[in-house]
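Observations on the three-dimensional arrangement
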Amino acid sequence: MPLTRSLDDATVVITGASSGIGAATAYALARRGADVVLAARTEEALHRVAEHCRKLGGRALVVPTDVTDPEAVRRLAAQAVAEFGRIDAWINNAAVTAVGLFDEIPVTEFRRVVAVNLLGTAYGTKAALRWLDAAGGGVLVNNASVLAEVAMPYQSAYNATKHGIRGLADTVRQELRVTGRNHISLCTVLPATVDTPFFRHAANHSRRELTPPPPVYPPEVVAETIVRLLRRPRREAYAGGAARLVGLQWRLAPALVERVLGWYTARTQFGPGRRLGAAGNVFAPDAAAEPTGGWHGRRRQLVRMTAFGLAAGTAVGTVAAISRRARTGHR
């Protein structure tokens, strides 16, 4: 079920709203006249996002929130309702990551990634359901990444949480259906690599410079996908053509694509520089949050060439594997 109100009369809560996809989504909604409730740990950055939203024509409320605290998330929902009277949509977007081999990532960091990404989404979902029901219906969107469907090396904690977010959404969606709460829609968005500060702010135990595996899409691609889900909800939506392509290939030939994608991302998510281990923003927010990571424009030509090579190579490999199985009679 779509929003019970048009976007220009809707109240939307966004977690992880201080930069990247969260900020881009806030801007996209503000342009359409929505009231946005902005949540993240970095209050100064939230106020900058809120100011820009107001210039675009929307109203904005800043609520500094650590999504790992369920009581803080409940307060976020309560403040949104106190300010705007209701909640029509909720977007769970907050995320952090720790990069490195699984056996080298500190347990404390692994636990924190799970707390922010998976438990933060669970707490947000629980808080949202009550108020969406009270408003007569609405839409809940979980940002799960294409890594909810596929996997890449050096991202064990992130992969695990994103798979968990997808499973959580599938289960809650079933429960809404069997309990007759069809007026609430729960959607999962699966973006490809996005130009945000995410890689710059990651906890890094690889001892190498982190770079996003291309192709890299601007955050506005994901923001517009989320806006479309609010208007016409569906259970899942990819953001970026590469996400759809890789997801399809993974389903067709999972073992082969697991090997190819592992080889590809192991070589493209690291730059030539060296970096000592650092906890990034896993435990503490950055003093200043940027809207983008600066990757998209600088690597545009590399993106085109690499994306084409990856797509063509994997597609050929997939077809070859399927043909081989058909000839040998393996299923």
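Our structure's up above, just so we're on the same page.
An account of the accompanying structure is given in this report. (Residues numbered from 1 in each chain as written. Predicted model: local features only at pLDDT ≥ 70, side-chain atom pairs only at ≥ 80, totals over all residues. Heavy atoms only, no water.)

If you look at the biggest cluster of nonpolar residues, it comprises 38 residues, and the most contacted ones within it are Ile14, Leu29, Leu38, Cys53 and Val141. At 8 residues, helix α1 (residues 20–31) tops the list of elements feeding residues into this core. Among all residues touching valine 141, those that are not within four sequence positions of it are Trp90, Ile91, Asn92, Cys187, Val189, Ile226, Leu229 and Leu230. (Core = buried A, V, L, I, M, F, W, Y, C linked by side-chain atoms within 4.5 Å. Buried < 20%, exposed > 50% of the residue type's maximum accessible area, 1.4 Å probe, protein only. Helix = DSSP H or I, 4+ residues; strand = E, 2+ residues; numbered from the N terminus. Contact = heavy atoms within 4.5 Å.)

Hydrogen bonds along the backbone pair up the strands of a sheet, which may run parallel or antiparallel. Reading across from one edge, β3-β2-β1-β4-β6-β7-β10 is the order of the 7 strands in this open sheet, with parallel pairing throughout. Lying at the two open borders of the sheet, with one neighbouring strand each, are β3 (59–62) and β10 (236–239). With direction set aside, neighbouring strand axes in the sheet form an average angle of 20°. Relative to strand β6 (residues 138–143), strand β4 (residues 89–92) is paired through 4 bridges, and the arrangement is parallel. Note on β6: the bridge partner recorded for tryptophan 90 is leucine 140. Strands β1 (11–15), β2 (35–39), β4 and β6 of the sheet are contacted by α1, whose axis makes an angle of about 165° with β1. Along the sheet, helix α3 (residues 70–84) makes contact with β1, β2, β3 and β4, crossing β2 at roughly 155°. (Pairing = 2+ DSSP bridges. Axes fitted to C-alpha atoms, helices over the stretch in contact; angles between N-to-C directions.)

What follows deals with the side chain of asparagine 159. Topologically, asparagine 159 is positioned in helix α5 (residues 156–178). Overall, asparagine 159 belongs to the buried group, its relative accessible area being 9%. Filtering out sequence-adjacent residues up to four positions away, asparagine 159 remains in contact with Leu147, Ala151 and Met152.

It is the contact of helix α7 (residues 241–252) with helix α8 (residues 254–268), at a shortest axis distance of 6 Å, that shows an interaxial angle of 135°. The orientation of α7 with respect to α8, classified from their angle, is oblique. Here α7 contributes Val246, Gln249, Trp250, Arg251 and Leu252 to the contact with α8, which in turn contributes Pro254, Val257, Glu258 and Leu261. (Parallel < 35°, antiparallel > 145°, perpendicular 65-115°, else oblique.)

This next bit is on the pattern of salt bridges. According to the stated counting rule, one finds 14 salt bridges in the structure shown. Aspartate 35 is the partner of arginine 59 in a salt bridge, and the nearest nitrogen-oxygen pair spans 2.9 Å. Of this pair, arginine 59 sits in strand β3 while aspartate 35 sits in strand β2, placing them 24 residues apart in sequence. Overlapping salt bridges bring together Arg166, Asp170, Arg173, Arg235 and Glu236 as one network. (Salt bridge = Lys/Arg side-chain N within 4 Å of Asp/Glu carboxyl O.)

The linkage connecting proline 214 with the following residue, proline 215, adopts the cis geometry, with an omega of 5°. Position of proline 215 among the secondary structure elements: in the loop between β9 (208–210) and α6 (219–231). A positive phi angle, near 75°, is found at serine 145, a position not held by glycine. Relative to the elements of secondary structure, serine 145 occurs in the loop between β6 and α5. A positive phi is found at arginine 207, a non-glycine position, where the angle reads about 65°. For arginine 207, a relative accessible area of 43% gives the class partly exposed.

This part takes up the packing of α3 against helix α4 (residues 107–134). The geometry of α3 relative to α4 is characterised by a closest axis approach of 9 Å and an angle of 30° between their N-to-C directions. As α3 packs across α4, the resulting crossing turns out to be right-handed. Here Pro70, Val73, Ala77 and Val81 of α3 lie close against α4, whose contacting residues are Tyr123, Gly124, Ala127 and Trp131. Residues of the contact of α3 with α4, tallied by class, amount to 7 nonpolar, 1 polar and no charged. (Left-handed = near helix turned anticlockwise from the far one by under 90°. Nonpolar A, V, L, I, M, F, W, Y, C, P; charged D, E, K, R; others polar.)

Taking burial as the measure, the 5 residues of β1 include 5 buried ones, the bulk of the element. Inspection of the sheet shows β1 paired to β2 by 5 bridges, in the parallel sense. Pairing of threonine 11 across the sheet is with aspartate 35, part of β2. Handedness of the β-α-β unit built from β1, α1 and β2 comes out right-handed. With 3 bridges connecting them, β1 and β4 associate as parallel partners. Bridging from a neighbouring strand, isoleucine 14 pairs with isoleucine 91 of β4. (Right-handed = clockwise from strand over helix to strand, strands pointing away.)

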